[in-house]
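Coordinate inspection notes
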Amino acid sequence: MTYQHYIDGEWVDGHGTETFESENPATGETLGEFHRGTEADVREATAAADEAFEEWRELSHIDRAEYLWDIYHELKERHEELGEVVTKECGKEISEGKADVTEAWHMVEWAAGDARHPKGDVVPSEIPSKDAYMRRKPRGVVGCITPWNFPVAIPFWHMAVSLVEGNTVVWKPAEQTPWCGQIIAEMFEESGIPDGVFNMVQGYGDAGAAVVDDDRVDTVLFTGSAEVGHEIASEVASDPGKLAACEMGGKNGIVVTEEADLDVAVHSAVMSSFKTTGQRCVSSERLVVHEDVYDEFKERFVEVAEKVAVGDPLDEDTFMGPAIEAEHVEKIREYNDLAREEATNVLVDRTELGDEEIPDGHEDGHWVGPFVYEVDYDPDLRSIKEEVFGPHVALIEYSGDIERAVEIHNDTPYGLAGAVISEDYRQINYYRDHAEVGLAYGNLPCIGAEVQLPFGGVKKSGNGYPSAREVIEAVTERTAWTLNNSKDIEMAQGLSADIKTEDD
Ligand code: ADP
């Protein structure tokens, strides 16, 4: 059977003739076949969303949230099963597959729970008889374009708040994880949400581009590569009524100072560099380490990187699963080659895993292990500037104070996540105040965001509209609402309200 799109409350084949397959990146096995969405399918979905908006916005926040509470319960009840689906479809090891589902229900819980929270501000007016308020209205149709690496959590980052706030949605899941897309769409169908409020079109970047391009789409939410995100942001910028909130990658770094506890430093660096096979937007590819602790840190980090368990992601003893697809392994290899040229020393090279490291039945998986190298810091090195999105990590030794470490840390076009490892609160606070990132951590890995915090980057990593809880900024419009309780009209700033005529 070929899975379909979900448009206006119906499962449909769409107008295209092409299909595509979802592949298990650990085995190469086909998981399902899906219709590939076209521009015409996206047009139908946006028309349905536009049509459904007027009635949906009339419901209260609390009534809209009821549909999401159903989904919250289902995500929880199906935790194990869905965690396995995530792992099979995107190759993250099983604890990460399950955490993806947990994060999704956390986001739904936050959005649906927020429906009962007070909203807006009561603002004082200069004029005692005026009441002033800040209120929010839904923007309309929200186009959501999501990546493969958090195939359940990120769609709910985009959609849960959008829907509770009264928007309707057209969602284009990542082409690598359509099975997760199918299951989420089934959940919306079962929730009984009114037709057209939630729509899903499966497919590739051309379907995503059609969402961005559609005049009926009021806000575009995008999480993915910087390349695509910048294209979307610049296209949307030329359309005055439209808004894009783009969340992109990073070249994230961890600063390990001379005051670091090295147990914490090594643990944090290993988690940040190798979890999800380095394929998180917050993964760390640069470790900036003080000369006083450099040799010991290096020895300990390398020892773990040599041994980190790469293998079957469904096996609970695995730390790192495969990369998402063959082309991505190729990209990681190319960056490893570049680093071989730019590095002073390659410390760990598990680019090609030995046959004995690849579990039986997984020979067709997309395997790549840790690659660790050291460089003499030079602002012109590409390997420490460009995002690889893999288990590829540079050790950079620094001398001097925390100011110098942060200068090196900030020397990248990106600014998503970062961490400082130190027992000295002055160093920690300096990093907190000067690191150019949206997500900063002290004595922790630079991964592991929680939905009740804002999630967003600066510089090339984002355009200022955070996702997770604060996506509310991108999917609502504020109204400054002022009501006069008097029969007289009185103006602020001493402005005269007298109407003068020639008779006066
Ligand atoms: P990743 O590198 O994580 O795969 P991408 O930016 O390539 O990130 O993809 C993220 C999402 O953006 C996917 O759903 C993909 O299909 C979609 N996409 C890719 N190209 C475009 C485009 N030109 N316009 C809109 N969406 C796109």
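Scroll up a little and you will see the structure.
The paragraphs below set out a description of the structure included in this document. What you see is a predicted model; the values in this text were computed from it and never measured. (Residues numbered from 1 in each chain as written. Predicted model: local features only at pLDDT ≥ 70, side-chain atom pairs only at ≥ 80, totals over all residues. Heavy atoms only, no water.)

Focus on helix 7 (residues 205-213)
Buried within helix 7 are the following residues: Ala-207, Gly-208, Ala-210, Val-211 and Val-212. Buried residues in helix 7 make contact with helix 1 (39-58), strand 8 (141-145), strand 9 (168-172), strand 11 (217-223) and helix 8 (226-237). (Buried < 20%, exposed > 50% of the residue type's maximum accessible area, 1.4 Å probe, protein only. Helix = DSSP H or I, 4+ residues; strand = E, 2+ residues; numbered from the N terminus. Contact = heavy atoms within 4.5 Å.)

With respect to helix 1
Taking 1.5 Å per residue, 20 residues should reach 28 Å; helix 1 reaches 30 Å between its end C-alpha atoms and fits that length. At Ala-52, helix 1 shows its maximal kink, close to 40°. (Expected span 1.5 Å × (residues − 1). Bend = angle between axes of the 7 residues up to and from the residue.)

Focus on empty space enclosed by the protein
Under the defined criterion, the tally for this structure stands at three cavities of 30 Å³ or more. The space that makes up the largest cavity amounts to roughly 60 Å³. Around the largest cavity sit 13 residues that line it, and Lys-251, Arg-286, Tyr-414, Ala-417 and Val-437 are the ones nearest its centre. Of all the elements in the fold, those that place two or more residues in the lining of the largest cavity are strand 13 (252-256) and strand 18 (414-415). (1 Å grid on protein atoms, 1.4 Å probe; cavity = no way out; pocket = protein on both sides within 12 Å on 5 of 7 lines; lining within 4 Å. Points joined across faces, edges and corners; volume = space filled by probe spheres on them.)

Details of the sheet that holds strand 7 (residues 130-138)
Spatially, 6-7-24 is the arrangement adopted by the three strands of the open sheet, whose pairing is antiparallel. Among the strands making up the open sheet, the edge pair consists of strand 6 (121-123) and strand 24 (476-484). Pairwise comparison of adjacent strand axes, ignoring direction, gives a mean angle of 25° for this sheet. Pairing geometry for strand 7 and strand 24, over nine bridges, is antiparallel. Counted as the bridge partner of Arg-136 is Arg-478 from strand 24. (Pairing = 2+ DSSP bridges. Axes fitted to C-alpha atoms, helices over the stretch in contact; angles between N-to-C directions.)

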